[in-house]
Amino acid sequence: VKRLPLYAIVLIILLAAIICALPRGSSVAQDRDHLAEGASSVHWAGTDGLGRDRMARTSAALLLCFSLGAAAAGLSTAIAATVALGAAYASPFISSALLMMSDLLLALPGIFLLMVVRASLPLGMSPMHAAMITFLLLALLGWPLMVRTIHAEIRKHRQSEWAFFCAASGLSPNRIFAVHMLAHLRPLLRAHFLLCFPAFLIAEVNLGSLGLGVPEPLASWGSMLTELTSSAFATGTIWRYLPVVVLVSVVVILELMTLKVNRYSSSLLRSANGADCR
Amino acid sequence: MAILKPLLLLLLIEAGTVLLVRIAPGYFTDSLLLDARLGAQVHAQMQAEKAAAHGPVIAGLLEDTELLSGKLGESRFFHVPVKDLLSRRWKITASLIFGGLGLGWLIAVIALLPTLFGSDHLGARVEALLLAPMIVLLAIPAGALAAVSLSSGHGTPMAVIALLTSPRVYRFLSTLLGSHLQSDHFFYARSLGVSRFRLLFAHLAPCVTPELLALFGTTFIMTLGIVVPVEVIFDLNGIGQLAWTAVLNRDAPVIAATTLVAAAAVALGGILTDGVQLSRIWRSRHSGNLIAGEAQ
């Protein structure tokens, strides 16, 4: 039961991969005899305005956003850890400059920054490059989320008894960091990853709904939303809500995983504090 | 320091935006140079005239100085002063933000009433009932909710903003008030027979005011982000839609001005929140001094 969210995510990804691997699973193939139709035996979730299979596009969008979102969340976590580490070990001036930079990025609504940065990119990029750059931007703008928490945790551990004991036992600072400090930071870094991941998926959808996310013909949840806002399909099938339903389900599962990790990390912190008190 | 920090933030954001706009491809390109009807000789002549007037770097610096001195320049896409564009649209955005935010807070507070005034059992049951819809609402992107609301014909832009902000406010308030209500001094006050109403307004409210102010600031920044897709999808002529149009058309002066407005709103919110907090601290110290003086 504890691993249910993880199993659910794996199952959804497997299903999406199987659908994409089917002979009719192309997300770009157009069936001009079936434009903007509902569910049928040929197209299980109907087609969009260009005759592309909605199920195949939703599955392709899931795989693309999931892989790029996970990579971006990983990169963002790595940047957050590096900045927090730099701020914890550097001189007070550099430390406050790094923390102020993270405050600066947190203070402005992310969508304004993303829009401005996205607008400054060249127009003639391939869709895959544009998709990768979109998620790269999300990673570069999303790292400050937990920098202060990670920074505080590193500083706390630097002053802890085990760190003094390690140093007194002759362990090199590199070994103390790589073997011991990272192990203590792992729950926080995992929490940062799980917070960033759904946030990046949501940000891509918001950018896509503005026409600034992953460009066509690549399938993404954001670009698929434009079908909902187009007046040409206002009286269309209920299947047009499929991308939204899949997206919300995936984000809810990721949020449940985050809640579980948060509970685990807070219990870990409590037990660590208890051990310190003893 | 409370005023300097937001101002520094404003300055840094503006400098960053101006830098990004400068490095955007085609920023220093005149649209007339892309006109195929004009010959190569005319193009060369126009470029020579521009170079004689001032180079791109100096032109950029001049624009920055004008921007920071309050002259927002002229839109490259609409060909009207940016100030006019903003003055026509700010009321729509402000009413949407404050209306949506107010409604969101109202929904969150109403959802909290059973926890605050009912029995512990009722509060726990209501919280358990609200958990699932709150998690689902937290998982819906602003663009998706606005698109679903528009395509289904149900809901208004303000309702979309309220639905997106209320779960965050509710979750924070529930944790904050819950931790205070479970504390020892509140148990003691309740055992002495102090009414819930008095407990909330005379004892709890002063304790949680700083956190509430911080929460208001956070939800305000969040709403600034939500308002862009909502205005675009519902086709409302607000500042969010203006920013989006500017980005799509690479209208640099408008991009810089709208980012400046958003940063100024955030900075002003920060100054106001810090100001209220500082006045609170000053008043408490002042009253403390008065009491100490009377005792002496």
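Scroll up to find the structure.
So, here is what we can say about the structure in this document. (Residues numbered from 1 in each chain as written. Chains lettered and ligands numbered in written order. Predicted model: local features only at pLDDT ≥ 70, side-chain atom pairs only at ≥ 80, totals over all residues. Heavy atoms only, no water.)

1. Digging into the overall build of chain A
Applicable threshold: What counts as a helix is a DSSP run of H or I of at least four residues, what counts as a strand is a run of E of at least two, and both are numbered from the N terminus. Only protein chains enter the accessibility calculation, which uses a 1.4 Å probe. A residue is then buried if its area is under 20% of the maximum for its type, exposed if over 50%, and partly exposed in between. Each accessible area is a Shrake-Rupley estimate made with a 1.4 Å probe; only the visible protein chains count as cover when residues are assessed.
Regarding its fold elements, chain A presents 11 helices and zero strands. For chain A, the N- to C-terminal ordering of α and β elements is α-α-α-α-α-α-α-α-α-α-α. When burial is assessed residue by residue, chain A has 47% of its 278 residues classed as buried. Of the roughly 13,300 Å² of accessible surface on chain A, a fraction of 69% belongs to carbon and sulfur atoms.

2. Looking at the packing of helix α7 (residues 161-168) of chain A against helix α8 (residues 173-209) of chain A
Residues and elements named next belong to chain A. Worth spelling out the cut-off: Inter-axis angles, ranging from 0 to 180 degrees, are taken between N-to-C directions of lines fitted to C-alpha atoms, where helices are fitted over the stretch in contact. Should an angle fall under 35 degrees it is taken as roughly parallel, and over 145 as roughly antiparallel, whereas 65 to 115 is taken as roughly perpendicular and any remaining angle as oblique. Contacts between residues were defined by any pair of non-hydrogen atoms, one from each residue, lying within 4.5 Å. For this classification, Asp, Glu, Lys and Arg are treated as charged, while Ala, Val, Leu, Ile, Met, Phe, Trp, Tyr, Cys and Pro are nonpolar and the rest, including Gly, are polar.
Put simply, α7 and α8 touch, their axes get as near as 12 Å, and they point 170° apart. One element, α7, and the other, α8, form an angle in the roughly antiparallel class. Residues Trp162, Cys166 and Ala167 of α7 form the contact with α8, whose own contacting residues are Ile176, His180, Met181 and His184. When its residues are assigned to classes, the contact of α7 with α8 shows five nonpolar, two polar and no charged.

3. Points about helix α6 (residues 147-158) of chain A
Residues and elements named next belong to chain A. Note the cut-off: Between the first and last residue of a helix there are one fewer steps than residues, each counted as 1.5 Å, and that sum is the expected span. To be clear, the arc concerns the directions from the helix axis to the C-beta atoms.
For α6, built from 12 residues, the straight-helix expectation of 16 Å at 1.5 Å per residue is met to within 8% by its first-to-last C-alpha distance of 16 Å. All buried positions along α6 are accounted for by Val147, Ile150, His151, Glu153, Ile154 and His157. Burial along α6 is one-sided: seen end-on, the buried residues are contained in an arc of 160°.

4. Describing the interface of chain A and chain B
Many structure descriptions define interface size as the accessible area lost when the parts assemble. Stated formally: Accessible-area loss on putting two parts together, using a 1.4 Å probe and summing over both, is the definition of buried area adopted here. By salt bridge we mean one thing: a side-chain nitrogen of Lys or Arg within 4 Å of a carboxyl oxygen of Asp or Glu. Here a polar contact is taken to be a pair of N or O atoms separated by no more than 3.5 Å, where protein atoms must pair a possible hydrogen donor with a possible acceptor and residues adjacent in sequence count only if both atoms sit in side chains.
Counting from both sides, the interface comprises 37 residues of chain A and, opposite them, 42 residues of chain B. Summed over both partners, the interface of chain A with chain B comes to about 3,300 Å²; 79% of that surface belongs to carbon and sulfur atoms. The tally of links between chain A and chain B comes to zero salt bridges. Taken together, the links from chain A to chain B amount to four residue pairs in polar contact (both at pLDDT 80 or more). When contributions to the side of chain A that touches chain B are tallied by element, the ones reaching two or more residues are α3 (92-107), α4 (110-119), α8, α10 (226-229) and α11 (242-277) of chain A. At eight residues, α11 of chain A tops the list of elements feeding residues into the side of chain A that touches chain B. By residue class, the composition of the side of chain A that touches chain B is 29 nonpolar, four polar and four charged.

5. Remarks on the side chain of Ser220 of chain A
Here Ser220 of chain A shows up in the loop between α8 and α9 (221-224). For Ser220 of chain A, a relative accessible area of 0% corresponds to the buried category.

6. Examining the pattern of salt bridges
Residues and elements named next belong to chain A. Tallied over the entire structure, the rule returns five salt bridges over all chains. Residue Arg57 is joined to Asp48 by a salt bridge in which the shortest nitrogen-to-oxygen separation is 3.9 Å. Residue Arg57 is classed as buried on the basis of its relative accessible area of 2%. In this structure Asp48 comes out as buried when scored by relative accessible area, which is 10%. One network of salt bridges, with partners in common, ties together Asp48, Arg52, Arg57 and Glu216.

7. Description of the packing of helix α2 (residues 54-89) of chain A against α6 of chain A
All names here are of chain A. Heads up, the rule is: Each crossing gets its hand from how the near helix is turned against the far one by less than a right angle, where anticlockwise is left-handed and clockwise is right-handed.
Interaxial distance between α2 and α6 falls to 8 Å at its minimum, and their mutual angle equals 50°. Comparing their axes, α6 and α2 come out oblique. Where α2 crosses over α6, the two elements pack in a sense that is right-handed. Two secondary-structure elements touch here, α2 through Ala80, Val83, Ala84, Leu85, Ala87, Ala88 and Tyr89 and α6 through Val147, Ile150, His151, Ile154, Arg155 and Arg158. Classifying every residue of the contact of α2 with α6 by side-chain character gives 10 nonpolar, one polar and two charged.

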